[in-house]
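Next come the chains, spelled out residue by residue.
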Amino acid sequence: MGSARVPSTRARSGGDVARLRSAAGRAAGRAGAPERRGVTTILSMMFLVLFGSLATAMAISSRGNIRTAATHLHVVRALGAAETGLKIGERRLAEAASRFVMARSDISGDFAHSIWTGNIDAGESYTVLAPRYREAESPEPGGIVIALANEHSEDLNIVEGVGVNAPTIGGPFAVLRDAREFRTSGWLHTPAIGVEAASEDQEVRPTAYVITYAPLANGTDIRIISTGYDFGHSGNSRPITRTVMQDFRLVKRVENAIVAPSRILIGKNVSVTGDLGAKYTDVARTDGDPLIIKSDFRGIDSNLDRKLEDFYTALRGAGGPGSGDVDGDNRLRVRHPTESAVIPSGTTDYDGDGQADEAFADATSDGYVDEFDIFMTHFDRDKDGKVVLSEPLTAGTPHAGMTPEFVKSDGTPLDDDLALLVDSANPDRNRNGIHGFIDLNNNGKWDAGEAMADYDDVNSTFADQVLGYRDGVIDARDLYAKVRGTISFDVSDAAWRVAQGDYTTKLQGPVRPGEGESAREFNAGDSPTIDADSFQGSENALRAAADGGTFAAQVAANLGISESQLSTYVESGTDPSRPRYFRLDADADLDGRPDNWATAYFEKVPYNSPKFSDYYYRPVYENMTFRDVRIPLGNNGLFRNCTFIGVTHVATTTTNTHPLWTEYGKLKLDAATQRPIADAPRIVFGDEAGETSYPAMLPSTARPPEQMVLMSLARPMDKADIPANQAAATNGFDLLPDPLLIDGRRVTDTKLYSNNVRFHDSLFVGSIVSDKPSNFTQTRNKLQFTGATRFTQKHPDEPENPSKNPDAGDLAEIAKSQMMLPNYSVDVGTFNSPAEQDVRLSGAIVAGVLDVRGNASIDGALLLTFRPVHGEGPLRDVAGNPVGNPALFNSSIGYFGPEDGDEESLDPTTLPIVNGVRIVGWDTNGDGLYDVPATQSQPPGSTAVQFHGFGGIHLRFNPNMQLPDGIMVSLRTVAVAGTYREGKP
C-alpha cells in the first residue's frame, strides 16, 4: 500500500499553506462523520427536556399566581366592604348623635353612656330631634343606640345567614381580647348589608359588611367595628373576611368662632380661625348686612390701595355674580378657567417708575392670587419672597439685622400691630400640640430672649419658629387668611342681594375654608340658637362661686378701716400705688345727682366715645384686691389697677322691662358748672295763647290749670308725672307708660337698679358673671374693660400661690367661660388702646353684644345673645310702637373708622401732630386715656396721648373647650386620633 505524498511546503506561500490545511481538515471531517451524529441528537433531546421542564414549571407557577391573585382580589373586596361599612357607620353614628340636643355640657363617663343607652336621668334637660330619613318615628328613641338601631332597620339589601337578621342591642357576641376596654351592655349589631346586587342565580351571596357599635369603658367613646365579607372565593360556606375599626367620641360643642343673632363686624387687624355664624336676617334695613369684613391691608399705602381696588373689581367680575370669584373665598385661582381669566394684568405701572409692577402674581406659590399676594409683592423690595419687619420686631429672630421693608421711607414702622398679627398667626405650625412662649414680662408678645415652648433639642431650634412663627418676616409660611373657616349665613344669598345690592364688596380679605368645605354657606340655620336663657346652668354655678366676703367688707379690708367708716371716708392718700377709695354719695336731696356731685368723678358712657349716650358719676376704687366678690346693685364703679381673683359677680335687676328703663336717671352736662345734672322730663302745656314748659316733677299747686291741654312732651315720661286732676285734660295720657315700680316704690333713676362698671388696668384671675337682665338695655347694663386690663386663669406672677388664684373647686366652671354676661353690653378695649393692653380670654365668651378693640387674644368662641327685633326691647317707644333700626345693634371686633359708621372711633389720618407724634387727645386724670379730644385746646395740667396704633386681635375657635351648661346644642362625634386599625377586637 503506497503512502500519500505530501508536497513540500518549503517553497509555498502562506496562502497556499492555509488552503492545504483547510483541505486536509475537510478530508478528516468526512472520514469521521458517522461517529459524531449521536452527539447532536443527545444535545437536542437535552434541550427538549429542559424547555419542557421550564414550560411545565412556568405553567405551575402561573396557575399559583393566578390563584394567589384571585385570593388577593377577594381579600381586597372584603377589605373594601369593611371600609365601606366603617364610613357608613361613622355617618350613621354622627346622624344619630346629632338628634340629641342636650343642656348639660359635661358629656363624660356614666352620663355619656346614659345618653347612649337611653337611661338619661329625669332631671336632665334635653330634646330628641326627628330623624332625617323619615317624617316621624314612634316611639321616640330614648338613647343614641336606639336611634341607631331604628335607622339601620331601614336598610335594604340584607344578606341573610350572616350574623343577625335585624339590628340587635345587647352585649358582645364573641370573646374579646381585653374585655376591660368595653362596657358589657349597649352593643349594637347590624345585619349584613350587601354592597352590590346579588347574583341572579343566588348561588353566591354579594360582598357585604356587618357593623358593630361597641361602647368603650370610658363611656364617651364608641368603637365602630366593621367586618367585610366576600363569598366568591370558595362559595357561601367559607367567605373571606376582613375587619377594621375606629373609635369615635361623643362631644358637645359649637363649631363657630362667633355665633351672633345681631350683625357681626370684623375690622382691621383681626385674624379669625374658625367658622362664623351670622344669624342676623333683617337685611332690608338700612345697613342691614349680616356681616362686614374689613381688609387688613387697605389704608397702608395709596399705591397698594389702588392695586387692591383693581383686584376687588376683578373679584366681582364683569358678568355679575359668579363671573369672577366663583367660590366666594376672595381669592382667584391661577389655574381655574373662570377665575384665572379675570386676574388683572401685571403690566400696570402704579408707582410711576416706568416699569410694570407685576402686582397680581402668585407671590406665595399657593395657586391663588389674593390680598396677601398683592401685599407681599408690593413690600418685598428685594424679591426674596419675604417682607422684613421693623427692627424692633426682628430683634432676636433669625432675620435680625436684615434691612426692614415694612416701614416708611424714613424707617418708621408702617403698622407693627398688623405685622405682629400676621407673623404670630397659627402658633402651632407643626401641629404637635405644643406652642407659645415663656412670657417673662407678661406683655402678651414674644420678645427677644424669651424661650418658645416648642423647642427642638436635636437641632437646637424653636420648631414653630423654623416654620415661620415670629421669625421677623412675613412670607408664605405665615399662611395668611382673614378668616380661616366657613362663613355661614341664616339669610339667603338672593334676599341679601335684593336688599343691599352686591354685598361682596363688604366682605374683604381671603377666606380659607377647611378641606372639602365651602367659603360661604347660605340658609344655614345649623348653628345653635343663642339667647340669654341658654346658659342658666353655668350662670348659677359661677354666681354661686362668688361666695367671698361682702363687697363693703373687702373694700374696708383693703383700706384697713371698718365697714362703718366707709360712708364718711375721705381719701387723703397721695401714693398712687396704695389702695384708695373715692366715695360717691347718695342723692338725698332728690335732685338727680349725688350729693357730692361737685367733687365726684364722672365720665361719658361709652367711655372715650365721641358719640356717647349718658354721663355717670362713679365711685373709684384703686389698687385693691377682691376675691369671689359680688359687686352690689347700682355700684356703677370705676376700678383702677385692681385684681379680681376667682369669680366676680356683677349684680343687676333682672326685670328691666319698662320702656323707659334707659331714660330714668339720664344726665346732661350743665353749661354753667360743666358737670352733669338731671336731664328730667318736662311737660309742655299750651293753649291758643302759646306754650309754656314746666318741669315734670313740679308740685301740682304750681302747675297750669286743668283746662290747659298737654301739647307735647319734651322727653319721654310716664303717667305719674301728670297730676290725677289733669289726666282727663291731657291729650295722649293713655299712651304714656305706667310708672316704674320696684318693691312697691316708684323709681325714677334706674342707675340704682342696674350696673354700668368700668375696669381699667385691672387683672382678672378667673371669671366675671352677671345677673341676667330680661331686656337688653345697653347703657344701664354695660361693662367696659379699658387700659391694660387682662384676663388669666392663673396669676401671672404667682401661679402656685393659693391666695392669688381661684379656689380649686371653681376651676372647672371658670374654664368653661371667663366672661358670662348674657344681655349685657360689653366693651373690651377702646379706640387707641395702649400697647400694654393684653386681654386674653378663653372658653365661651358670652355677652349680649360685644365690642373688642386694641390688643386681645380669644381662645374659644364668642356666643352673643341679643337679637334685635323691630318693635321689641329697645326698639319700641313708650307707647309700644316700633322705632329704631335693628341693624344699629352689632358686635364689632377690631378697628372701624367713622367712615364705617363707628361713632366711637377716630380716623388716625385726621389727628394732629404735636411734637412730632400724632395725638388723639389730652389725658386729664393720668389714666393714659384721652379725656378731651385733640381737636380741643389742651386743658391745664393735662398730657398729650399719642396714637398707639390699631392693635391686633386673634380670635381662635377652640374645638376642645367645654361649653357652659344650659346651651342647647346637638351632640357630635369626633374621630379619636390614632385608633384606626385592622383586625378583630
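Remember, predicted model here, so these are calculated numbers, not experimental data. Here the residue index of a chain counts from 1 through its sequence in written order. Local features in this predicted model are restricted to residues of pLDDT 70 or higher, and side-chain atom pairs are both shown and tallied only at a pLDDT of 80 or more, whereas totals for entire chains, interfaces and linings draw on every residue. Side-chain numbers here rest on the full set of heavy atoms in the structure, without hydrogens or water.

### Overview of the overall build of the chain
Stated formally: The helix and strand labels rest on DSSP assignments: H or I over at least four residues marks a helix, E over at least two residues marks a strand, and numbering proceeds from the N terminus. We call a residue buried when its accessible area falls under 20% of the maximum for its residue type, exposed when it is over 50%, and partly exposed in between, using a 1.4 Å probe and counting protein chains only. Surface accessibility follows the Shrake-Rupley procedure with a 1.4 Å probe radius. Residue values consider only the protein chains on display as shielding.
Secondary structure summary: the chain contains 13 helices and 52 strands in total. Across the 985 residues that make up the chain, the buried fraction comes to 49%. Carbon and sulfur atoms provide 52% of the accessible area of the chain, an area that totals close to 45,000 Å².

### Some points on helix H6 (residues 371-379)
We count it as follows: Any two residues whose heavy atoms approach within 4.5 Å are treated as being in contact. What qualifies as a polar contact is a pair of N or O atoms within 3.5 Å, subject to a donor-acceptor requirement within protein and to the restriction that residues adjacent in sequence count only when both atoms come from side chains.
Across the nine residues that make up H6, a large majority, nine, are buried. Restricting attention to buried positions, one finds in H6 the residues Glu 371, Phe 372, Asp 373, Ile 374, Phe 375, Met 376, Thr 377, His 378 and Phe 379. Tucked into the core, H6 has its buried residues touching helix H5 (302-316), strand S15 (368-369), strand S16 (386-388), helix H8 (416-423) and strand S19 (473-475). Residue Asp 370 occupies the N-cap position of H6, its side-chain oxygen lying 3.0 Å from the main-chain nitrogen of Phe 372.

### Here's the deal with the pattern of salt bridges
Our working definition: Put simply, a salt bridge is a Lys or Arg side-chain nitrogen that is within 4 Å of an Asp or Glu carboxyl oxygen.
One pass over the structure, following the stated rule, counts 52 salt bridges. Notably, a salt bridge pairs Asp 289 with Lys 506, separated by 3.0 Å at the nearest N-O pair. You can see Asp 289 sitting in the loop between strand S12 (275-278) and strand S13 (291-293) and its partner Lys 506 sitting in the loop between helix H10 (493-500) and strand S22 (520-521), a full 217 residues away along the chain. Overlapping salt bridges bring together Arg 77, Glu 196 and Asp 230 as one network.

### Some points on the packing of helix H3 (residues 109-117) against helix H4 (residues 144-152)
Cut-off, in case you're wondering: To get an axis, a line is fitted to the C-alpha atoms, and for a helix only the part in contact is used. The angle between two axes follows their N-to-C directions and goes from 0 to 180 degrees. Just so you know how the angles are binned, under 35 degrees is roughly parallel, over 145 roughly antiparallel, 65 to 115 roughly perpendicular, and the rest oblique. For this classification, Asp, Glu, Lys and Arg are treated as charged, while Ala, Val, Leu, Ile, Met, Phe, Trp, Tyr, Cys and Pro are nonpolar and the rest, including Gly, are polar.
Where H3 contacts H4, the axes come no closer than 4 Å and their chain directions differ by 30°. Between H3 and H4, the angle is such that the two are roughly parallel. Together, Ile 115, Trp 116 and Thr 117 of H3 and Ile 144, Val 145, Ile 146 and Leu 148 of H4 make up the contact between the two elements. Of the residues belonging to the contact of H3 with H4, the class tally is six nonpolar, one polar and no charged.

### Looking at H8
With seven of its eight residues buried, H8 lies for the most part within the structure. What H8 keeps buried is the set Asp 417, Leu 418, Ala 419, Leu 420, Leu 421, Val 422 and Asp 423. The N-cap residue of H8 is Asp 415: its side-chain oxygen and the backbone nitrogen of Asp 417 are 3.2 Å apart.

### What about the pairing of strand S47 (residues 917-923)?
Rules: A pair of strands is treated as paired once DSSP finds two or more bridges between them.
Counting buried positions along S47 yields five of seven residues, so the element is predominantly enclosed. In the sheet, strand S46 (residues 913-914) pairs with S47 via two bridges, with the strands oriented antiparallel. Within the sheet, the bridge partner assigned to Val 914 lies in S47 and is Val 917. Taking the residues between adjacent antiparallel strands as the criterion, S46 and S47 are bridged by two residues, where Asn 915 takes a positive phi near 55°. Across four bridges, the pairing between S47 and strand S49 (residues 943-946) is antiparallel. From the neighbouring strand, Gly 921 faces S49, where its bridge partner is Val 945.

### Observations regarding the packing of H5 against H6
Note the cut-off: In this scheme, a crossing is called left-handed if the near helix is turned counterclockwise away from the far one by less than a right angle; it is called right-handed if the turn is clockwise.
Their axes nearest at 10 Å, the elements H5 and H6 cross at an angle of 150°. By the angle between their axes, H5 is roughly antiparallel relative to H6. Note that H5 runs across H6; the crossing there is right-handed. Listed contacts from H6 to Asn 303, Leu 304, Lys 307, Leu 308, Phe 311 and Tyr 312 of H5 are Glu 371, Ile 374, Phe 375, His 378 and Phe 379. In terms of residue class, the contact of H5 with H6 is made up of seven nonpolar, two polar and two charged.

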